[in-house]
Amino acid sequence: MQVQEGTVVTFHMDTKDARTGELLETSRVDVDDDGAECPGEPLVVLFRGEKDRLHDELEAALFHQEEGARVNCQVQTQPPDPDDVRSVDDADWPELAGLPSGEIVVCELDDGEPGAVVVCGPDPQKPGHTIVDFNGPLAGRLLAIEAEVVSVRRALPEETRAGQAFDGEDDE
């Protein structure tokens with residue numbers, strides 16, 4: 001079956017800095033609670049059903065591909081917004097307080113969704129505050145993405161209604 005609108009696509013993805021080749025993210029490897037590497041989980045998406053889940057360039061590269069296909073594309077991410085670098089109260093964001101500058105942390109953002117932020121360090125103007133870059137670590141970068149299609153299936157009617165794929169983990 002080919003990737004097309006109304007299919008659920010399961011795929012692995014490697015994201016690299018297109019200029020340096022540095023591996024930034026991969027779905028192939030994860031880290032367990034003890035810090036040991038373990039196999040990662042592939043991404044599962046409802047193709048053309050989940051708004052803002054896939055970059056347009058990746059969506060175009062995956063279109064009409066079949067299981068086992070490998071595709072490559074480049075994505076220019078949005079430039080960083082200076083207003084998204086701000087001082088936060090350590091009492092409101094205790095998980096960020098005291099972390100070293102440059103530390104990347106996945107946490108629940110203001111909108112309730114998880115997201116990666118970059119700790120910039122303590123705010124010298126406001127004791128008990130940390131400067132945090134909410135743009136995320138990939139803002140303003142040219143990314144090289146390689147995806148490998150693991151499987152393609154027709155979406156279930158409830159997935160189509162919900163506008164998202166159910167990967168069997170607590171989606172339903």
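> Tell me what's going on with the packing of aromatic side chains, and back it up with residues and numbers.
When we look at a pair of aromatic rings, we describe it by the centre distance and by the angle of the planes. Within this structure, the stated rule accounts for two aromatic pairs. Consider the rings of Trp 93 and Phe 134, whose centres lie 5.5 Å apart with planes at 70°: the pair is edge-to-face. In this pair, Trp 93 sits in the loop between β7 (85-89) and β8 (104-108) while Phe 134 sits in the loop between β10 (129-133) and β11 (142-154), placing the two residues 41 residues apart along the sequence. Phe 134 shares its class with Trp 93; the two are buried. Across from the ring centre of Phe 134, 4.0 Å away, lies the NZ or CZ of Arg 86, which sits over that ring.

> I'd like a description of the environment of Arg 70, backed by residues and values.
Mapped onto the elements of the fold, Arg 70 is located in strand β6 (residues 70-76). Along the primary structure Arg 70 and Cys 120 are separated by 50 residues, whereas in three dimensions their C-alpha atoms are 37 Å apart. If sequence neighbours within four positions are ignored, Arg 70 has contacts with Arg 28, Glu 146, Ala 147 and Glu 148. Of the polar contacts made by the side chain of Arg 70, one reaches the side chain of Glu 146; its length is 2.7 Å. A distance of 3.3 Å separates a polar atom in the side chain of Arg 70 from a polar atom in the side chain of Glu 148.

> Lay out the pattern of salt bridges with the relevant residues and their values.
Any two side chains of opposite charge can pair if their charged atoms end up close together. Applying the stated criterion across every chain, the model contains eight salt bridges. Across the salt bridge formed by Arg 28 and Glu 148, the nearest N and O atoms sit 3.2 Å from each other. Pair noted here: Arg 28 is in the loop between β2 (23-26) and β3 (29-31) and Glu 148 is in strand β11, with a separation of 120 residues, a long-range link. A salt bridge links Glu 148 to Arg 70; its shortest N-O distance comes to 3.3 Å. In this pair, Glu 148 is assigned in strand β11 and Arg 70 in strand β6, connecting sequence segments 78 residues apart.

Analysis parameters
- Residues numbered from 1 in each chain as written.
- Predicted model: local features only at pLDDT ≥ 70, side-chain atom pairs only at ≥ 80, totals over all residues.
- Heavy atoms only, no water.
- Phe/Tyr/Trp six-rings, centres within 6.5 Å; stacked < 30°, edge-to-face > 60°.
- Helix = DSSP H or I, 4+ residues; strand = E, 2+ residues; numbered from the N terminus.
- Buried < 20%, exposed > 50% of the residue type's maximum accessible area, 1.4 Å probe, protein only.
- Lys NZ or Arg CZ within 6 Å of the ring centre and 35° of its normal.
- Contact = heavy atoms within 4.5 Å.
- Polar contact = N/O pair within 3.5 Å; in protein donor to acceptor, adjacent residues only side chain to side chain.
- Salt bridge = Lys/Arg side-chain N within 4 Å of Asp/Glu carboxyl O.

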